[in-house]
Amino acid sequence: MADDDRTLIARCLQGRVEAFGELVRRYQDRLYNAVYRFLGNAEDARDVVQEAFLSAFRSLRRFRGGSQFFTWLYRIAINHAVDCKRRSKPVRALSEADQDHPKPEPADPSVFANPDWQLQRLEEDERLQQALSQLSSEYRMVLILRDIDELSYEQIADILDIPLGTVRSRLHRARLELRRLLEQMEKDSSSSSVFAPELKR
Amino acid sequence: MTDAEKQLLTGLVDGALSVEEKERAEALLRSSPEAQQLFAALMNDSLRLKYLRREQLGDAFAAHMVQLARREVAEVARRRLWPLYWRKWASVAVAAVVLPFIAWGTFLLLRQLVSPPGLNFVEENRQARQPEPSIPESSAAQDSVNPAGHQHWLTVLGQLEQTGRQLGEHAARFVEESLSPLGSALTSAWRDVEPLVLGDWQPAIPALSEPIVLTSPVRDIGRNSFRTLELHLPPLLGWERFGRAEVQTVLAQGQFLVLDISCRDGERTWERIHQALRSLKIPTGLDDRLPSFWKRRQSTVYFVYIENLSAEQVGEFLLALHREDTRPGAKAHTEPQIRSLLVQPVQAEGRQRLADLLGLPVGALPELASPKPPSTSSEPNLQDDTLRKLEQVARGQPIRRPITQALAFSPLRYPASKQIHQFRQQRGQPRQDAYHLILLLRPER
């Protein structure tokens, strides 16, 4: 565990709520992005992250420091996300969800200043998110942790509480499944574009 | 392709193969176009996931969480104090229930005092002795009935006391029975709550009856309580007077380096870098997405990766770049573009990121090495080089001569552009004794 985290946790246990705020600030975006990609809904993701932080705060005394703080936090957040997924209604597409809620600013706004580029990127993001949403929860989570959060196999095994071999085999199957879904979507979109001029007429 | 072969490819994408597995995967990639296609697609998917739009919750979220945490702390403190309040209020409640009975008892007593039963007894006697009305009543006759009245009074008082006690017991039992489920519920609820940090809530401090003087023994004066913190910052080199001394500083940092360059205009800086590379006859590729950014006047960070340079070439390149950039001219756009250089050796994370961006396995990039004194010789380490070639021949791999080349590309690229494909095809195994530079350009506009 990082020394900084340890210091902040110790301060938090001494009763300084501001130290907890610092921990939140440190991990909120990572956690939010992972949960957002898992649930596909900005509002639910925000609620889940909030719940996860509160649960962590409530049981901070129980955190023994055996694992890294953020893997412990991830485990809590994933449990909440899975619960939320179970009881929530079917997932809406990201674009639909984003109409209801203001979109958070991207990390580097200058990069996306051009409308064409922004549109293209949004389309690609949406297609990828759709493919992700069609994966099973197990495959989706393992891909998010590996590719979006860039966690090691050991960290993923620790968070999901599964053996290393299972991480590897799940990742293998998840990658092939995602490829199959993306190919299928590309095929569908190309076949629909063939008919598009006729439809216009 | 078999599932085992596919597993090798997914493992290669993750960079999680053993040396032997990696060799098998690379052999598979050399021999099978289908495997190459699948690997490229998987790698591309992985990169697309990696560069998915990132959202930010902002400082407001952290502030909101702090507020929630404070509320949580206050709630726990309130729960913790509740049993104390309960005990205090329970005694008040018992008193409130018992007091009316006591008042009623007192009322009965007073009533008895105002009209004592002894007088009633005399009145009854008087009525019974109606036929002798002429006989006057004496005070002695009254006195003679008083002992019986006192006796009665004692009995009444005894009964009253007994009734009051019984009522009090009933009331106490009633209060206890009605409140005990609440008490046990509170106790169990408290048991469920994790004893939390009390946060900013502070218990009331009792007032001190007498002033207390706190003294501290002087013990630690001899001990040095200051620790020295040593910071090793990477060298930040100014550009105005960039010369041979600065080149030596760059070379001393290691052989696989990041030159973090802050500059005015991205496109004009690239023109100067390109000129400097051309003067050294180094083949150069430019990712076609970058000119489109520049055409739209869009400021973007970008990379220039230059592989397999000798120490002399590094020096010549940097000095040529300085010459190109500081060449005097009449027009405003000929003013120097580069402001400063921050030099750092490439770390494992940076190496991984570069491999991701170029779509190469990490092992295909130069190894990370510790800094060493600058070498003035451009001769490669022949012994190592020959051994490596012999190993490649033994494995049946073709020997590809490492070439010096450069590539400018955007970190936002996906899928891989034509120029990146070309760069990958042309490059051989990097020379271990050569220098490799990643120029990270951060334009202001």
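Residues numbered from 1 in each chain as written. Chains lettered and ligands numbered in written order. Predicted model: local features only at pLDDT ≥ 70, side-chain atom pairs only at ≥ 80, totals over all residues. Heavy atoms only, no water.

Visitor: Just checking my understanding: could you explain the overall build of chain A for this structure?
Guide: Across its full length, chain A holds nine helices and zero strands. Starting at the N terminus, the α and β elements of chain A follow one another as α-α-α-α-α-α-α-α-α. Within the span of chain A, comprising 201 residues, buried residues form 48% of the whole. Pairs at least 24 apart in sequence give 63% of the contacts found in chain A among residues at least 6 apart. Here chain A displays about 10100 Å² of accessible surface, and carbon together with sulfur accounts for 48% of that area. (Helix = DSSP H or I, 4+ residues; strand = E, 2+ residues; numbered from the N terminus. Buried < 20%, exposed > 50% of the residue type's maximum accessible area, 1.4 Å probe, protein only. Contact = heavy atoms within 4.5 Å. Areas by Shrake-Rupley, 256 points an atom, 1.4 Å probe, with all protein chains shown as cover.)

Visitor: Looking at this structure, how should I read the overall build of chain B?
Guide: Helix and strand counts for chain B stand at 13 helices and seven strands. Of all 445 residues assigned to chain B, the portion counted as buried reaches 37%. Taking the contacts inside chain B whose residues are at least 6 apart along the sequence as the reference set, 83% of them involve residues at least 24 apart. A total of about 27200 Å² of accessible surface is found on chain B, and carbon and sulfur atoms cover 56% of it.

Visitor: Looking at this structure, how should I read unusual backbone geometry?
Guide: Note: most residues except glycine have negative phi, and most peptide bonds are trans. Residue and element names in this part refer to chain A. With phi around 55°, Glu150 is a residue other than glycine that occupies positive phi space. Topologically, Glu150 is positioned in the loop between helix 7 (137-148) and helix 8 (153-160). Judged by relative accessible area, which is 34%, Glu150 ranks as partly exposed. For Asp161, which is not glycine, the phi dihedral falls at a positive 60°. Along the chain, Asp161 turns up in the loop between helix 8 and helix 9 (164-200). Using a relative accessible area of 66% as the deciding quantity, one classes Asp161 as exposed.

Visitor: I'm lost on the confidence of the model for chain B in this one. Help?
Guide: Detail in the predicted coordinates should be disregarded across regions flagged by low pLDDT. In the predicted model, chain B carries a mean pLDDT of 74, and 67% of its residues have values of at least 70. Residue range residues 373-380 of chain B is modelled with pLDDT below 50. Its contacts to residues more than four positions away, or to other chains, number 13 contacts. (pLDDT = per-residue confidence, 0-100.)

Visitor: Explain the pairing of strand 4 (residues 302-309) of chain B to me, please; I cannot follow it from the model alone.
Guide: All names here are of chain B. Within strand 4, eight of the eight residues are buried, which leaves the element mostly enclosed by the surrounding structure. Both strand 4 and strand 7 (residues 435-443) contribute to a ladder of six bridges, which runs antiparallel. Looking across to strand 7, one finds that Leu309 is bridged to Tyr435. The sheet contact formed by strand 4 and strand 6 (residues 405-409) spans five bridges and is antiparallel. Residue pairing in the sheet places Glu307 in a bridge with Gln405 of strand 6. (Pairing = 2+ DSSP bridges.)

Visitor: I would appreciate a short explanation of the packing of aromatic side chains in the present structure.
Guide: Working definition: an aromatic ring pair is given by the centre-to-centre distance plus the angle between the planes. One pass over the structure, following the stated rule, counts 12 aromatic pairs over all chains. Centroid distance Trp294 of chain B to Tyr302 of chain B: 5.3 Å. Interplanar angle 75°. Geometry classified as edge-to-face. Arg30 of chain A extends its terminal NZ or CZ atom over the ring of Phe70 of chain A, reaching a point 4.7 Å from the ring centre. Lying over the aromatic face of Phe38 of chain A, Arg140 of chain A brings its terminal NZ or CZ to 5.0 Å of the ring centre. (Phe/Tyr/Trp six-rings, centres within 6.5 Å; stacked < 30°, edge-to-face > 60°. Lys NZ or Arg CZ within 6 Å of the ring centre and 35° of its normal.)

Visitor: What exactly am I supposed to notice about the pattern of salt bridges here?
Guide: Think of it this way: side chains of opposite charge can pair up when their charged atoms draw near. Inspection of every chain in the model, using the stated rule, returns 26 salt bridges over all chains. For the salt bridge of Glu183 of chain A with Arg179 of chain A, the shortest nitrogen-to-oxygen distance reads 3.3 Å. Of the two residues, Glu183 of chain A and Arg179 of chain A are both situated in helix 9; the distance of four residues between them amounts to about one turn of the helix. The exposure class assigned to Arg179 of chain A is buried, which follows from its relative accessible area of 9%. With a closest N to O distance of 3.9 Å, Glu367 of chain B and Arg351 of chain B form a salt bridge. Remark: Arg351 of chain B occurs in helix 11 (residues 348-358) and Glu367 of chain B occurs in the loop between helix 11 and helix 12 (382-394); sequence separation between them is 16 residues. Among the residues examined, Glu367 of chain B registers a relative accessible area of 46% and is labelled partly exposed. If you follow the salt bridges from partner to partner, you end up with Arg146, Asp147 and Arg175 of chain A together with Asp14 of chain B in one network. (Salt bridge = Lys/Arg side-chain N within 4 Å of Asp/Glu carboxyl O.)

Visitor: Honestly, helix 2 (residues 17-39) of chain A in this entry has me stumped. Any pointers?
Guide: Residues and elements named next belong to chain A. The largest bend in helix 2 comes to about 45°, at Tyr27. Burial runs high along helix 2: 17 of the 23 residues are buried. Of the residues flanking the end of helix 2, it is Gly40, one or two places downstream, whose phi is positive at about 75°. (Bend = angle between axes of the 7 residues up to and from the residue.)

Visitor: In this structure, what is going on with the environment of Phe69 of chain A? I would like to understand it.
Guide: Residue and element names in this part refer to chain A. Mapping Phe69 onto the fold places it in helix 4 (residues 69-87). What makes Phe69 buried here is its relative accessible area of 3%. C-alpha separation for the pair Phe69 and Leu23, spaced 46 residues apart in sequence, amounts to 9.6 Å.

Visitor: Is there a simple way to think about the packing of helix 7 of chain A against helix 3 (residues 33-50) of chain B in this case?
Guide: To describe two helices that pack against each other, one gives the angle between their axes and the distance between the axes. Contact geometry of helix 7 of chain A with helix 3 of chain B gives a least axis separation of 8 Å together with a crossing angle of 80°. Accordingly, the angle class assigned to the pair helix 7 of chain A and helix 3 of chain B is roughly perpendicular. Where helix 7 of chain A approaches helix 3 of chain B, its residues Leu143, Asp147 and Ile148 of chain A are matched on the opposing element by Ser46, Leu49 and Lys50 of chain B. When the residues that make up the contact of helix 7 of chain A with helix 3 of chain B are grouped by side-chain class, the tally is three nonpolar, one polar and two charged. (Axes fitted to C-alpha atoms, helices over the stretch in contact; angles between N-to-C directions. Parallel < 35°, antiparallel > 145°, perpendicular 65-115°, else oblique. Nonpolar A, V, L, I, M, F, W, Y, C, P; charged D, E, K, R; others polar.)

Visitor: What exactly am I supposed to notice about the side chain of Gln28 of chain A here?
Guide: Note that Gln28 of chain A resides in helix 2. Excluding residues within four positions of it along the chain, Gln28 of chain A makes contact with Phe53 of chain A together with Leu57, Gly58, Asp59, Phe61 and Ala62 of chain B.

Visitor: What exactly am I supposed to notice about the confidence of the model for chain A here?
Guide: With 74% of its residues at a pLDDT of 70 or more, chain A shows a mean pLDDT of 78. Counting interchain partners and residues more than four positions distant, the pLDDT-below-50 stretch residues 91-113 of chain A has 39 contacts.

Visitor: For this particular structure, what's the right way to read the nonpolar core?
Guide: For soluble globular proteins, the rule of thumb is that nonpolar side chains tend to be buried together. Counting residues in each nonpolar core, the largest one holds 72 residues, and the members touching the most others are Phe53, Phe69, Leu145 and Leu160 of chain A. Of all the elements, helix 2 of chain A adds the most residues to this core, at 13 residues. Counting residues in hydrophobic clusters, the runner-up holds 39 residues, among them Val250, Leu257, Ile261 and Trp294 of chain B. (Core = buried A, V, L, I, M, F, W, Y, C linked by side-chain atoms within 4.5 Å.)

Visitor: Where do I start with the sheet that holds strand 3 (residues 284-286) of chain B in this structure?
Guide: Paired through their backbone hydrogen bonds, the strands of a sheet run either parallel or antiparallel. All names here are of chain B. With mixed pairing, the seven strands of this open sheet are ordered in space as 1-5-2-7-4-6-3. On the outer flanks of this sheet lie strand 1 (236-238) and strand 3, each paired with one strand and no other. Looking at each pair of strands side by side, their axes are set apart by 20° on average, direction ignored. The strands touched by helix 13 (residues 418-426) within the sheet are strand 3, strand 4 and strand 6, with strand 6 carrying the most contacts at an inclination of about 155°.

Visitor: Looking at this model, I keep getting lost on the packing of helix 7 of chain A against helix 8 of chain A. Mind explaining?
Guide: All names here are of chain A. At a minimum axis separation of 10 Å, helix 7 and helix 8 run at an interaxial angle of 140°. Relative to helix 8, the element helix 7 lies oblique. For the element pair helix 7 and helix 8, the recorded crossing hand is right-handed. Of the residues in helix 8, those in contact with Met141, Val142, Leu145 and Arg146 of helix 7 are Tyr153, Ile156, Ile159 and Leu160. Grouping the amino acids of the contact of helix 7 with helix 8 by side-chain chemistry returns seven nonpolar, no polar and one charged. (Left-handed = near helix turned anticlockwise from the far one by under 90°.)

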